[in-house]
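Listed below, chain by chain, are the residues.
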There are 2 protein chains.
Amino acid sequence: MDNYVIKGHICYSKTSTDLSITENGFAVCENGNCTGVYEKLPESYNPLPCYDYTDKLIIPGLTDLHVHAPQYPFRGLGMDLELIEWLNTHTFIEEAKYDDLEYAKKAYEIFTEDLLHSATTRACVFGTIHTKATILLMEKLENAGMKAYVGKVNMDRNSPGYLCEESAKKSVSDTEKWIKDTKHLKNIKPILTPRFIPSCSDELMEQLALLRRKYRLPVQSHLSENLSEVQWVQNLCPDTRFYGEAYDKYGLFGNECPTIMAHCVHSSKEETDLMKKQNVFIAHCPESNTNLLSGIAPVRTYLDLDMKIGLGSDIAAGSSLSIFRAMTMAIQCSKLRWRLTDQSLTPLNLEEAFYLATKGGGEFFGKAGSFETGYEFDAVVLDDSSIRHPQKLSVRERLERLICLAEDKNIAAKFVNGRKLF
Amino acid sequence: MDNYVIKGHICYSKTSTDLSITENGFAVCENGNCTGVYEKLPESYNPLPCYDYTDKLIIPGLTDLHVHAPQYPFRGLGMDLELIEWLNTHTFIEEAKYDDLEYAKKAYEIFTEDLLHSATTRACVFGTIHTKATILLMEKLENAGMKAYVGKVNMDRNSPGYLCEESAKKSVSDTEKWIKDTKHLKNIKPILTPRFIPSCSDELMEQLALLRRKYRLPVQSHLSENLSEVQWVQNLCPDTRFYGEAYDKYGLFGNECPTIMAHCVHSSKEETDLMKKQNVFIAHCPESNTNLLSGIAPVRTYLDLDMKIGLGSDIAAGSSLSIFRAMTMAIQCSKLRWRLTDQSLTPLNLEEAFYLATKGGGEFFGKAGSFETGYEFDAVVLDDSSIRHPQKLSVRERLERLICLAEDKNIAAKFVNGRKLF
């Protein structure tokens, strides 16, 4: 069914402060795109079939801007360490298992099914260094009907022997082969993924930059997450003034290279200015930054500067795939930052958190994350009847409540680029 | 079935640092109490019937030390204000509705059913000023099989006309009648509940103190939650050195008067010392303290001092009834406090959070919240099969993961004081 109408309480962000709600309205999907939201359906659309979700909420699909698929098995585990120790104690050991394609198959099957049944329609995903397992993950996501960028991870230094590519050259040739081997995929696209500066040699970064230009790929990595990591990068790159420059000097930091940098908890003013200038996307991951004792990113600053920013689950430093939970934690962490650190940065509100999870992160995919005309039609239908209440509630109140309390069972239907997944 | 055996992975706290796990072990319940946990069942117990939960986790029932039942309808709503504004804008308006017994019936039915299906077996509950509605709530909880202290709230000043008792005398006479009218209840007991110092006149506090002695009741209230509230109390009670003294001068602050004080985010050293000396229980409510921008309580300090402390959902300043979520947030908030405020207070770990939610809070009910011999038999059976994983996990890892990720659907069975509720 290519063209259809969907009926329900249609909620979407126009800007970070403007939340549009059309009660029991109609959204029209034509050829995978939204061509209008109406209080009353124009007659010309009457012939179209209609999915009737009267009195349910319909929101744009959520975008997870930063998620490590191979870490999903240990979500909620080992949450007593800071970043670098956590990587060495838990993460690298788990990621090494993906050399075994049978293990990868089992693990990625679970990840894909859970992502499918979440409210996320689009994701920017880290794999591992293993090309075969990463291709397997991409095929699974494609078959599930998701849209995603997925990265085979590059790391050729400061990594344990069992999870370190043997040379920059091998890392790059594997990456180029992987890019070629995933050309058959329609909705899942490769994204260059140098893990972070400490795990990538200068030679590797130089070679990845060439590859990026050759294939016009976007890039994802980590930036200024944890104080000890920031210090480490400073030691590794004494000639750069700030962490972001260590990506920028290879042309892997925005501008013509669409870039997502996860975290940006401890970005300096200079780093922030460069991200702003070069349209680098920030993946704000509040649960991860809490769990790994990293801190709280100054999201208010980023919003005030009108920067590109969305939310990430950062599985498994974040424990939950739910971007609803990320919205709630983004608000909560901004409140604690206000109370404990800096009362010049007012806390986030509902409209802003909703914007980050939808249009803010969706923008990395072009026109995604809204029901404005011309946006790709990603929709999630929410049935909140299990969250019972004795009083009348407005649609806005029901949305506010769902952001705090929604579980997967509240997701009644999901559409990606016009295609109904369930 | 009075006496039985229950089989599964039995997990419980002996102390805040000592988590006992008996894999596929046996706990014996006799006359409502636990009489032993065994790796191998002693022969003398073979005749007893056995609930076989092999490979599922069995934990003590959780205690919610601070929850406002009438606020449950607006959980997850109106989270953009600090305490005093939030009370005036949302809370008092909702609580006033409980003058209408039909409304109370609908609302408390939902609260009771959801509490029943949570992992909470014991709770300390605020009602409203309305005696009839509060009795209705108590009867519903009794019929559901829960154990709880429930308080008819007292407030005779600084409250809106529609939610202010007409005089101290009337407040106290209503309270005495309510105490007498709830004598028929077996498992749900009255607890004196002056809302907080700002809403209770000196005369009311004096009279409540008399009532407390006459009926030997415990007390619950709020303490040092929010900076503006602390300042307000200082203005209202210029003769007290700290907030807690405003309760203590009426004998409503521990010692022979078992007392729960919710929050204690901003307690001074003097206040802390007095709580410690007089065995005042602290209800730590991390989500509430985050949502209302109050701050983060120094739980590490309270644990180091070996004080009485447990967790509270603080519905509706907290959005979720789940004490699992409270455990996770207690750990997370302690991490943010460490990062942002005070690195002398190490973050909480899993064992400590589990202790707070079980034996820590349970102690207010006497011997509750553990499977040690002689404890009342409260048990929750957890089925984590929906949280899929490709790798082997230890029982401790499964417990750690459940604390982060458990939803009500993971609760397979629940026992309170030996009685199976579902």
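Residues numbered from 1 in each chain as written. Chains lettered and ligands numbered in written order. Predicted model: local features only at pLDDT ≥ 70, side-chain atom pairs only at ≥ 80, totals over all residues. Heavy atoms only, no water.

Draft legend 1. Geometry of the interface of chain A and chain B. Taken together, the 51 residues of chain A in the interface contact 51 residues of chain B. Summed over both partners, the interface of chain A with chain B buries about 4,500 Å², with 57% contributed by carbon and sulfur atoms. Among the residues chain A hides against chain B, the three largest losses belong to R339, R388 and P390 of chain A. Together they make up 15% of the total. The interface formed by chain A and chain B includes 4 salt bridges. For R388 of chain B, the salt bridge goes to E113 of chain A, with nearest N and O atoms at 2.7 Å. Joining chain A to chain B, the criterion identifies 26 residue pairs in polar contact (both at pLDDT 80 or more). Elements with a minimum of two residues in the side of chain A that touches chain B: α2 (101-116), α9 (286-291), α11 (323-340) and α13 (395-405) of chain A. Here the side of chain A that touches chain B is composed, by residue class, of 21 nonpolar, 14 polar and 16 charged. (Contact = heavy atoms within 4.5 Å. Buried area = accessible area lost by both parts, 1.4 Å probe. Salt bridge = Lys/Arg side-chain N within 4 Å of Asp/Glu carboxyl O. Polar contact = N/O pair within 3.5 Å; in protein donor to acceptor, adjacent residues only side chain to side chain. Helix = DSSP H or I, 4+ residues; strand = E, 2+ residues; numbered from the N terminus. Nonpolar A, V, L, I, M, F, W, Y, C, P; charged D, E, K, R; others polar.)

Draft legend 2. Expanded view of the sheet that holds strand β14 (residues 309-311) of chain B. Residue and element names in this part refer to chain B. Spatial strand order, β11-β12-β13-β14: 4 strands in an open sheet with parallel pairing. Two strands lie at the open edges of the sheet, namely β11 (219-223) and β14, each paired on one side alone. Along the sheet, successive strands turn relative to each other by an average axial angle of 30 degrees, direction set aside. (Pairing = 2+ DSSP bridges. Axes fitted to C-alpha atoms, helices over the stretch in contact; angles between N-to-C directions.)

Draft legend 3. Broad picture of the relation of the copies chain A and chain B. With an axial shift of 0.0 Å and an RMSD of 0.0 Å, the rotation relating chain A to chain B amounts to 180 degrees. Interpreted geometrically, this transformation is the action of a two-fold axis. When C-alpha distances to the rotation axis are compared across chain A, the minimum falls at L340 of chain A, with a value of 3.3 Å. When the interface residues of chain A are mapped onto chain B, 100% of them again fall at the interface, so both copies present the same face. (Least-squares fit on C-alpha atoms with pLDDT ≥ 70 in both.)

Draft legend 4. Summary view of the pattern of salt bridges. Evaluation of the coordinates by the stated rule reveals 53 salt bridges over all chains. A cluster of three or more residues bridged by salt bridges with shared partners is formed by D55, D384, R398 and R401 of chain A.

Draft legend 5. The side chain of S267 of chain B, seen in detail. Residues and elements named next belong to chain B. Among the structural elements, S267 can be located in the loop between β12 (259-263) and α8 (269-277). Here S267 falls in the buried class, since its relative accessible area comes to 15%. Polar contacts involving the side chain of S267 include one to the side chain of E271, which spans 2.6 Å. The contacts of S267, once residues within four sequence positions are left out, are L223, S224, T272, M275 and Y302. (Buried < 20%, exposed > 50% of the residue type's maximum accessible area, 1.4 Å probe, protein only.)

Draft legend 6. Here's a closer look at the confidence of the model for chain A. When the pLDDT values of chain A are averaged, the result is 97; 100% of them are 70 or greater. Among the prediction metrics, the complex's ipTM stands at 0.97, with pTM recorded as 0.98. (pLDDT = per-residue confidence, 0-100.)

Draft legend 7. Just the sheet that holds strand β3 (residues 33-38) of chain A, in detail. Residues and elements named next belong to chain A. A sheet is described by the order of its strands in space; here 7 strands give the open sequence β3-β2-β1-β4-β15-β16-β17, paired in mixed fashion. The open sheet terminates on both sides in strands that have one partner only, identified here as β3 and β17 (419-420). By the bridge criterion, 2 bridges tie strand β16 (residues 411-416) to β17 in an arrangement that is antiparallel. Bridge pairing in β17 links V416 to R419. Packed onto the sheet, helix α12 (residues 350-362) meets β1 (4-13), β2 (19-30) and β4 (50-60) and runs at close to 130 degrees relative to β1.

Draft legend 8. Spotlight on the packing of aromatic side chains. Applying the stated criterion across every chain, the model contains 40 aromatic pairs over all chains. Aromatic pair Y4 of chain B and Y51 of chain B: ring centres 5.1 Å apart, planes at 85 degrees, arrangement edge-to-face. Linking Y4 of chain B in strand β1 (residues 4-13) with Y51 of chain B in strand β4 (residues 50-60), this pair joins segments that are 47 residues apart in sequence. Given the relative accessible area of 1%, Y4 of chain B is considered buried. Between the aromatic rings of Y247 of chain B and F253 of chain B, the centroid separation amounts to 6.4 Å while the plane-to-plane angle is 5 degrees, which identifies the pairing as stacked. By the burial criterion, Y247 of chain B is buried, and F253 of chain B matches it. Taken together, the ring pairs in this structure connect Y4, Y12, Y51, Y53, F371, F377 and F415 of chain A into an aromatic cluster. (Phe/Tyr/Trp six-rings, centres within 6.5 Å; stacked < 30°, edge-to-face > 60°.)

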